[in-house]
Amino acid sequence: MLIKLHKINKQYGQGSAARRVLRDVDLAIAEGDFAAIVGTSGSGKSSLLNVIGGLDRDFTGEAEVVGQSLRGLSDRALSMLRNRSIGFIFQQFNLLEHLSCGENVALPAVFSKWDKAKVKRRVDDVLERVGLADRRDHLAGRLSGGQKQRVAIARALFHSPTLLLCDEPTGNLDTRTGRAVIELFQQLNDEGITLLIVTHEARVSDAARRVLRIEDGSLSEDPAPQVGSGGSDA
Amino acid sequence: MPSRLLFLIWQNLRRNMRHNILSSIGIIVGIAAFAFFLALDAGVRRVVLGEIFPVDRLEVVAPKSSLFGSGRFIDDAVLARLRQPVDSTVPAPAAVFGRMRLGFPARGWGGARILKRGRDIPFELTGFCDGVDDQVIAPEIKPPFTFRDHLADDQPPPCAPGNRCPEGRYCAWDVNRCHKPVPAVISRHLIELYNSSIAASNPDLPKIPDFLTSIFAGKTFTVELGRSYFGTVVRQGGQPIQRKFQLVGVSDKAIPLGLSVPIGYVKRWNQRYKGGASAKTYSSAVLLTRSKADITPIAAYIKSIGFDVKQGAGKTIGLFITLASFLLTLVSVIIVFIAAINIAHTFLMLVSERRWEIGLLRAVGASRAHVRRTVLGEAAIIGAVSGTVGLSLAWVAALVCDHFSATRLPDFPFKPESYFVFSPTLIALSMGFAIGCCLLGALLPAQRAAALSPAQALGSR
Ligand SMILES: Nc1ncnc2c1ncn2[C@@H]1O[C@H](COP(=O)(O)OP(=O)(O)OP(=O)(O)O)[C@@H](O)[C@H]1O
Ligand SMILES: [Mg+2]
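Residues numbered from 1 in each chain as written. Chains lettered and ligands numbered in written order. Predicted model: local features only at pLDDT ≥ 70, side-chain atom pairs only at ≥ 80, totals over all residues. Heavy atoms only, no water.

1. Structural notes on the domain arrangement of chain B
How big an interface is tends to be reported as the loss of accessible area on association of its parts. The domains assigned to chain B are domain 1 (2–53 + 317–459) and domain 2 (95–288). A separation of 56 Å is found between the C-alpha centroids of domain 1 of chain B and domain 2 of chain B. (Domains from an automatic or database assignment.)

2. With respect to a positive patch on the surface
Residues A:Arg76, A:Arg84, A:Lys113 and B:Arg373 make up a contiguous surface patch of positive charge. The topology assignment puts A:Lys113 in the loop between α3 (101–105) and α4 (116–129). (Patch = residues over 30% accessible without salt bridge, like charges linked within 9 Å, V, L, I, M, F, W, Y side chains within 5 Å. Areas by Shrake-Rupley, 256 points an atom, 1.4 Å probe, with all protein chains shown as cover. Salt bridge = Lys/Arg side-chain N within 4 Å of Asp/Glu carboxyl O. Lys, Arg positive; Asp, Glu negative; His and termini not counted. Charge placed at Lys NZ, Arg CZ, Asp CG, Glu CD. Helix = DSSP H or I, 4+ residues; strand = E, 2+ residues; numbered from the N terminus.)

3. What about the packing of helix α1 (residues 3–15) of chain B against helix α11 (residues 368–408) of chain B?
Residues and elements named next belong to chain B. Two elements in contact, α1 and α11, have axes whose closest approach is 9 Å; the angle formed by their N-to-C orientations is 55°. With respect to α11, the axis of α1 lies oblique. Here α1 runs over α11; the crossing is right-handed. Residues Leu-5, Ile-9, Asn-12 and Leu-13 of α1 pack against His-370, Arg-373, Thr-374, Gly-377, Glu-378, Ile-381 and Ile-382 of α11. A per-class count over the contact of α1 with α11 returns 5 nonpolar, 4 polar and 2 charged. (Axes fitted to C-alpha atoms, helices over the stretch in contact; angles between N-to-C directions. Parallel < 35°, antiparallel > 145°, perpendicular 65-115°, else oblique. Left-handed = near helix turned anticlockwise from the far one by under 90°. Contact = heavy atoms within 4.5 Å. Nonpolar A, V, L, I, M, F, W, Y, C, P; charged D, E, K, R; others polar.)

4. Observations regarding the site of ligand 1
All names here are of chain A. All residues in the neighbourhood of ligand 1 are listed as Tyr-12, Arg-19, Val-21, Thr-40, Ser-41, Gly-42, Ser-43, Gly-44, Lys-45, Ser-46, Ser-47 and His-200. The contact in question runs from an oxygen atom of ligand 1 to an N or O atom on the side chain of Arg-19, over 2.6 Å. Between ligand 1 and the protein, one listed contact pairs an oxygen atom with a backbone N or O atom of Gly-42 at 2.8 Å. Starting from 630 Å² of accessible surface for ligand 1 in isolation, the protein chains cover 60%. (Near = heavy atom within 4 Å. Polar contact = N/O pair within 3.5 Å; in protein donor to acceptor, adjacent residues only side chain to side chain.)

5. Let's talk about the state of the cysteines
One covalent bond between the sulfur atoms of two cysteine residues makes up a disulfide. Residue and element names in this part refer to chain B. Tallied over the entire structure, the rule returns 2 disulfides over all chains. Between the sulfur of Cys-159 and that of Cys-171 lies a disulfide, 2.0 Å long from S to S. Measuring the twist about the S-S bond at about 100°, one finds the Cys-159-Cys-171 disulfide to be right-handed. Here Cys-159 is found in the loop between α4 (134–137) and β6 (170–172), whereas its partner Cys-171 is found in strand β6, with 12 residues between them in sequence. Comparing Cys-159 with Cys-171, the two get one shared label, buried. Here Cys-165 engages in a disulfide with Cys-178; their sulfurs sit 1.9 Å apart. Given an S-S torsion of about -90°, the disulfide between Cys-165 and Cys-178 has left-handed geometry. Of this pair, Cys-165 sits in the loop between α4 and β6 while Cys-178 sits in strand β7 (residues 177–179), and the two are 13 residues apart along the sequence. Of the residues examined, Cys-165 reaches a relative accessible area of 24% and is grouped as partly exposed. A relative accessible area of 1% places Cys-178 in the buried class. Each disulfide in chain B links cysteines that, numbered along the sequence, combine into the pattern 1-3, 2-4. (Disulfide = S-S within 2.5 Å. Buried < 20%, exposed > 50% of the residue type's maximum accessible area, 1.4 Å probe, protein only.)

6. Some words on helix α10 (residues 355–363) of chain B
Residue and element names in this part refer to chain B. Judged by how many residues are buried, α10 sits mostly within the fold: 8 of 9 residues are covered. Among the residues of α10, those classed as buried are Trp-356, Glu-357, Ile-358, Gly-359, Leu-360, Leu-361, Arg-362 and Ala-363. Residue Gly-365 follows α10 closely and has a positive phi angle near 125°.

Structure representation (structure tokens):
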């Protein structure tokens, strides 16, 4: 299992102001899975993703991600895990707009020890992969929304992670560019990358193999769609 | 620090250039003032304490504790005790020598051959002449001149008829012997005084750049012992006598205002015109220390054996300089600290503005330490740049001051070419201070940035 959660509880605030946002969440995601997390706004989707990605350590319960128990890791080791094995993709792209696309993509390299030539080659590779090879030296701030998200995906792919965590990746994109991004995700999943995507959009969850529903902090799973159902190529 | 983190820091700095310039102005002004005042302090100290009032020496005098005197006086036994302190914890002095004042009226005249108008200048010597141990001054005198008591081993031949004598001697007619002139040294004070007042107002007179080598070296003049221009005449020891003196050099061990001659002469003359103990007791003893740090323990030792240390002008002035530069430096330190608070503000603002960026860095693999280093690195660079600019400003200001002094101010004694000393220590201190204060200001913001949980930081967008 790439992700194993057991009885995860999380609350914001203390005492009477406390608000539980994750309740006894159990989850197992296998390597190569493509899972969508759906739920109403404020149901705790981002909170769950943050726990899995090691961005939030303020929770109770057992969490094992990419073979490591998050609880026992030092700040350094956890940072290293994020650096090497997990890619994050956000709704707002989160690009440093004063830097070029290439520099944005190479951001993970600031915290690893790759040499310059290797970094440069990898930047070209991943930009090529998302179809933006010609934009390497353009300022990130000048790109369109769809291009920005593709640069962000290239950045997430930089260290060839096993797990991609995406929080509303198509939320700020129009239908057409959103569809292109979903297609890219499917290709990546075909190449073996495990995907966990928080989404509102049916077309994203339709693309996923598993749909996890979160409601007021409790997680449940939709029954798996039958193989071949809705097949249009029959 | 890895170069890629440095790149990130540099890009952040570039992005906030306006802010950074604004917040570094305080540091620049503060460091400029700091370096300027400390360099001025060092420069003034060099001139005042190094040349005008050397602080490597103590003048020992008999205590004046009662109206009738303390009954203590400085004689050879006391000099010996000063040379070799009985207490082994007291640092040994580099040299000790006695000074003996001329205890009777004296006057002099001379210089006719130096002045173009050819008239002798009269000068009063009562109180302006003393004797100093030959050996402490002799090494400073350049040949062919010497500083020694010629009468100690010289048997002067009688004068030839008509008071004539061989070359290099003159006829002391009261004893009818051909004496060598009495070697005399003067202090640099006198030269500076002459250069800046007499010579400056009198275009006929040459200035004395490197004193005896050119103008006054070997010049002789006449001194009348036992009579002053104020009309006083000695009552004992017979008639006043005349002796020729010869200027042989400049020494910082000479009496500040007046002439110093080998002590043997003064002993004999005092014996003759004053008698008694006046030929055996010194008016003071000068003690040269090996280092400035020895001053305090040696002064304590002197007090412990019942003598006083003459409060040198150097010490008082040194104290004054210390106080003045302390106050000025304090002002600049306060400026820098206020600037550091300003830096803290700016960085707190930057950190809260860039919360999501910090979150992003954490997401792509930055540890808390990385985040802290990024913020502190920015501060250190601002500090280093501000320090460099501040130091340059101070240096330029110093050049302007020196130029103004050289071109606009009239000559005055010991007028220096530069009033400033920018030592490597001062430069290092200023840079360290600038960087240190920026780091100090950024410490809390860096801590806050590092303490943010990545999820919290990212959630702020
Ligand atoms: N830092 C925080 N402090 C306090 N409450 C928080 C914090 N972050 C989230 N919450 C609350 O916790 C609940 C779950 O938030 P979360 O962001 O996980 O929801 P979400 O499912 O991602 O919603 P959305 O679809 O709007 O992104 C919400 O009610 C939210 O108000
Ligand atoms: Mg959310």
